[in-house]
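Structure at a glance
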Amino acid sequence: MISEDFQEDSNSQKTIRKKDHPKLINEEFLSKEHLYDIINFLPDATFVINSTGHVIAWNRAMEDLTQVEAGDILGKDNYEYAIPFYGERRQILIDLVLTTRENVEVTYDRMWRDESTITAEIFIPQLKGKPTYLWGKATKLYNQKGVVIGAIESIRDITEKKKTDKELEEYRIHLEDLVEKRTEELRTTNFELQLEIKRRKKVSNNLRISEENYRSIFENTGTATLIIREDDSIAMVNTEFEKLSGYSKGEVLGSSWTTLISPEDVDRMMKYRQKRIEDPTSVPNQYEFKYITRQGKTGDAYMTIAQLPGTKQYIASVMDITGHKLAERELNNLNLKLKRSNAELEQFAYVASHDLQEPLRMISSFTQLLERDYKGKLDKNADEYLYFIVDGAQRMGQLINDLLDYSRVNTQMDEYEKADLEDVLKIALKNIQLSVEENNAQITYDALPTVLISPSLISQVFQNLISNALKYRSTKQPKIHISSQEEGEEHVISVKDNGIGISYENLNRIFVIFQRLHTRDEYKGTGIGLAITQKIVEEHGGRIWVESEPAKGSTFYFTIPK
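Cut-offs used in this document
Residues numbered from 1 in each chain as written. Predicted model: local features only at pLDDT ≥ 70, side-chain atom pairs only at ≥ 80, totals over all residues. Heavy atoms only, no water. Salt bridge = Lys/Arg side-chain N within 4 Å of Asp/Glu carboxyl O. Helix = DSSP H or I, 4+ residues; strand = E, 2+ residues; numbered from the N terminus. Buried < 20%, exposed > 50% of the residue type's maximum accessible area, 1.4 Å probe, protein only. Contact = heavy atoms within 4.5 Å. pLDDT = per-residue confidence, 0-100. Pairing = 2+ DSSP bridges. Axes fitted to C-alpha atoms, helices over the stretch in contact; angles between N-to-C directions. Parallel < 35°, antiparallel > 145°, perpendicular 65-115°, else oblique. Left-handed = near helix turned anticlockwise from the far one by under 90°. Phe/Tyr/Trp six-rings, centres within 6.5 Å; stacked < 30°, edge-to-face > 60°. Nonpolar A, V, L, I, M, F, W, Y, C, P; charged D, E, K, R; others polar. Expected span 1.5 Å × (residues − 1). 1 Å grid on protein atoms, 1.4 Å probe; cavity = no way out; pocket = protein on both sides within 12 Å on 5 of 7 lines; lining within 4 Å. Points joined across faces, edges and corners; volume = space filled by probe spheres on them. Core = buried A, V, L, I, M, F, W, Y, C linked by side-chain atoms within 4.5 Å.

For the structure shown, the criterion picks out 17 salt bridges. Note that Glu240 and Lys137 form a salt bridge whose closest N and O atoms lie 3.1 Å from each other. With Glu240 in helix H9 (residues 239-245) and Lys137 in strand S5 (residues 130-142), this residue pair connects regions lying 103 residues apart in the sequence. Summarising the burial analysis for this pair, Glu240 and Lys137 share the class buried. Taking the shortest distance from any N to any O, the salt bridge between Arg329 and Asp300 comes out at 3.9 Å. Of this pair, Arg329 sits in helix H12 (residues 322-374) while Asp300 sits in strand S10 (residues 298-307), placing them 29 residues apart in sequence. With relative accessibility at 39%, the residue Arg329 sits in the partly exposed group. Asp300 gets classed as buried once you look at its relative accessible area, which sits at 8%.

Structure below.
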């Protein structure tokens, strides 16, 4: 991960006295070998350039973030380190920190700058195949003479934080009217904060960076970092640790590393510590715990700890996740409210529709008797009125039955079992065989997987989607094809047709309960089939969506977890 020593820029006029610069670190800070290990264990992606723009350090988290190994980038210049992020050579944050304030082109979403540091956020459309939000911090590096000898940049993926902020805002906006306006879209949202730090072992035998520069890198990491001796005393901390804990270096050096830990978590952390000494593989190296600052403020933290190779010392990186934990708790509370609301709505729908059936049957029966006994004996208007009453009662009955079907989805869930989707599809095709023959439809399918499902309900999903394709057929012979493919941890099932298609603005409306895109004269039905289909898929932990183009057909997709 290291290629060469820093080179002083003899032409640089930006020098300072050591005692005036907070980022310079005392000589007794650590050995050169320990500082090398510190860079590798930092949780944030970190790299360093020297004064000539050559990459001289590229840690394992940087390899993971960019998919570029250190051996392929060390020694490179001409902005090559920008290619993994932008696909081209260009100035990035680490270069901007070395320019004058007047020359900075603000291309970042948010930016903060002081004399020697720039902090910014930016959106990258494609990083490892997906859109990503990044936080970055770039800092000038000085030698003991106060000469600028390069720069360091730490980068953190904050996509999940952005996603959490967006979801919280959406929940706040929609929660009040969710019961009235979106009963068909109630779903369970589980949000789980995960912080995974992948460790790779790749050691370079050509470490050439001096102890002074290693210390500067340690000081400028983006997280609170400390070194713990064998006797549990603190050997070293950086400025970020001071900011998080409220303690100065002088106050914590030599004291127990449990100084920052809330009393309620001390026993648990010490047990982990003892087990790690006895058998390093017996316990994980990442923990969440409550911290307490010098001022008595508490918060949530996430710590990564690892033994420095060849020593009995440990390096620990501590990240403040108080905001994330608060967001997680708020989401859990909102989720509980949604579950209660969903249960109340389903109970209401069931009771209301069930109790309406009896009076509706009475209205329909007596209206049919009136039509039978008096049709043709009254004037033409009376016959027409009787027809409208009978038709309305029949449609009302269908709506009530459909509402009952929708509310019963949860209660109709069979015991989950391993089932072959081909067998489930064949049951659905048998149920609609007459409709398939009447429409002269050609239905084909590829090999389908075996999955853990409620067979009767997934059969209803196939039946609804195929019936929908037959209903909205074009003038051509209906052709419907069912296929499956694996994507990550789920199977994606598709039902493709050559029907009339759906306009783009209506793609989301079709899953709304009782939502119709056509008049009853054009196409019969109540508009609940796709709403029921969506509910069944979501009860299985999946998703459903449609892609379509008018006059060219539609493809419905739904997922089933593996």
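Once that is clear, we can look at the environment of Phe558. Within the fold, Phe558 resides in strand S18 (residues 553-561). Excluding its chain neighbours within four sequence positions, the residues that come into contact with Phe558 are Val461, Phe462, Leu465, His491, Val492, Ile493, Val537, Arg543 and Ile544.

Per-residue pLDDT for the protein averages 78, and the proportion of residues at 70 or more is 73%. Note on residues 4-30: pLDDT under 50 across the span, and 73 contacts to partners over four residues away in sequence or across chains. Residue range residues 200-210 is modelled with pLDDT below 50. Its contacts to residues more than four positions away, or to other chains, number 34 contacts.

In this sheet, strand S4 (residues 117-127) lies alongside strand S3 (residues 110-113) in antiparallel orientation, the contact comprising four bridges. Across the sheet, Arg113 pairs through a bridge with Ile118, a residue of S4.

Close contact between helix H14 (residues 421-431) and helix H16 (residues 455-471) brings their axes to 8 Å; oriented N to C, the two are set at 55°. Between H14 and H16, the angle is such that the two are oblique. Between H14 and H16 lies a crossing of right-handed hand. On H16, the residues that touch Leu421, Val424, Leu425, Ile427, Ala428, Leu429 and Asn431 of H14 are Pro455, Ile458, Ser459, Phe462, Gln463 and Ile466.

Attention now goes to the packing of aromatic side chains. Overall, the coordinates contain six aromatic pairs when judged by the stated rule. Between Phe462 and Phe558, the aromatic rings sit 5.8 Å apart at their centres with planes inclined by 70°, giving edge-to-face as the arrangement. Placement of the pair is Phe462 in helix H16 and Phe558 in strand S18, with a sequence separation of 96 residues. Given a relative accessible area of 0%, Phe462 falls into the buried group. Ring geometry for Phe511 and Phe556: centres 6.3 Å apart, planes at 80°, overall edge-to-face.

For the rest of this paragraph, the subject is the packing of H16 against helix H17 (residues 529-539). Close contact between H16 and H17 brings their axes to 9 Å; oriented N to C, the two are set at 145°. For the pair H16 and H17, the crossing hand works out as left-handed. Contacts between H16 and H17 pair Leu457, Ile458, Gln460, Val461, Asn464, Leu465 and Asn468 from the former with Gly529, Leu530, Ile532, Thr533, Ile536 and Val537 from the latter. Its residues assigned to classes, the contact of H16 with H17 shows eight nonpolar, five polar and no charged.

Over its 17 residues, H16 extends 24 Å from the first C-alpha to the last, a length consistent with the 24 Å expected when each residue adds 1.5 Å. With twelve of 17 residues buried, H16 is to be regarded as a mostly interior element. Among all positions of H16, only Pro455, Leu457, Ile458, Ser459, Val461, Phe462, Asn464, Leu465, Ile466, Asn468, Ala469 and Leu470 are buried.

Quick look at empty space enclosed by the protein now. Over the atoms rolls a probe the size of a water molecule, and its path tells where empty space is left. Overall, the coordinates contain five cavities of 30 Å³ or more when judged by the stated rule. Taken as a whole, the largest cavity encloses approximately 120 Å³ of empty space. Tyr86, Tyr108, Ile122, Leu134 and Glu153 are, among the 14 residues lining the largest cavity, the residues nearest its centre. Put simply, the parts of the chain that give the lining of the largest cavity at least two residues each are helix H4 (83-86), S4, S5 and strand S6 (148-157). With four residues, the single largest contributor to the lining of the largest cavity is S4. Of the residues contributing to the lining of the largest cavity, the split by class is eleven nonpolar, one polar and two charged.

A few words now on the nonpolar core. Counting 38 residues, the largest nonpolar core has Leu421, Ile453, Ile458, Phe462, Ile482, Phe556 and Phe558 as the members making the most contacts within it. Elements with a minimum of two residues in this core: H14, strand S14 (450-453), H16, strand S15 (479-487), strand S16 (490-497), H17, strand S17 (544-549) and S18. Looking at this core, the element that brings in the most residues is H16, giving eight residues. Ignoring anything within four residues of it in the chain, the contact list for Phe556 reads Leu465, Asn468, Ile493, Ser494, Val495, Ile502, Ile510, Phe511, Leu530, Trp545 and Val546. Within the second largest apolar cluster, 30 residues are counted, among which are Ile49, Leu93, Tyr108 and Ile124.

This part takes up the sheet that holds S15. With respect to topology, five strands assemble into an open sheet ordered S13-S15-S16-S18-S17, the strand pairing being mixed. The outermost strands of the open sheet, each flanked by one partner alone, are strand S13 (442-445) and S17. The mean inter-strand angle of the sheet, taken between neighbouring strand axes irrespective of direction, is 20°. As judged from the eight bridges shared by S15 and S16, these two strands associate in the antiparallel manner. Looking at the pairing, Ile482 lines up with Val495 of S16. Across the sheet, H16 is in contact with S13, S15, S16 and S18; its angle to S18 comes to roughly 175°.

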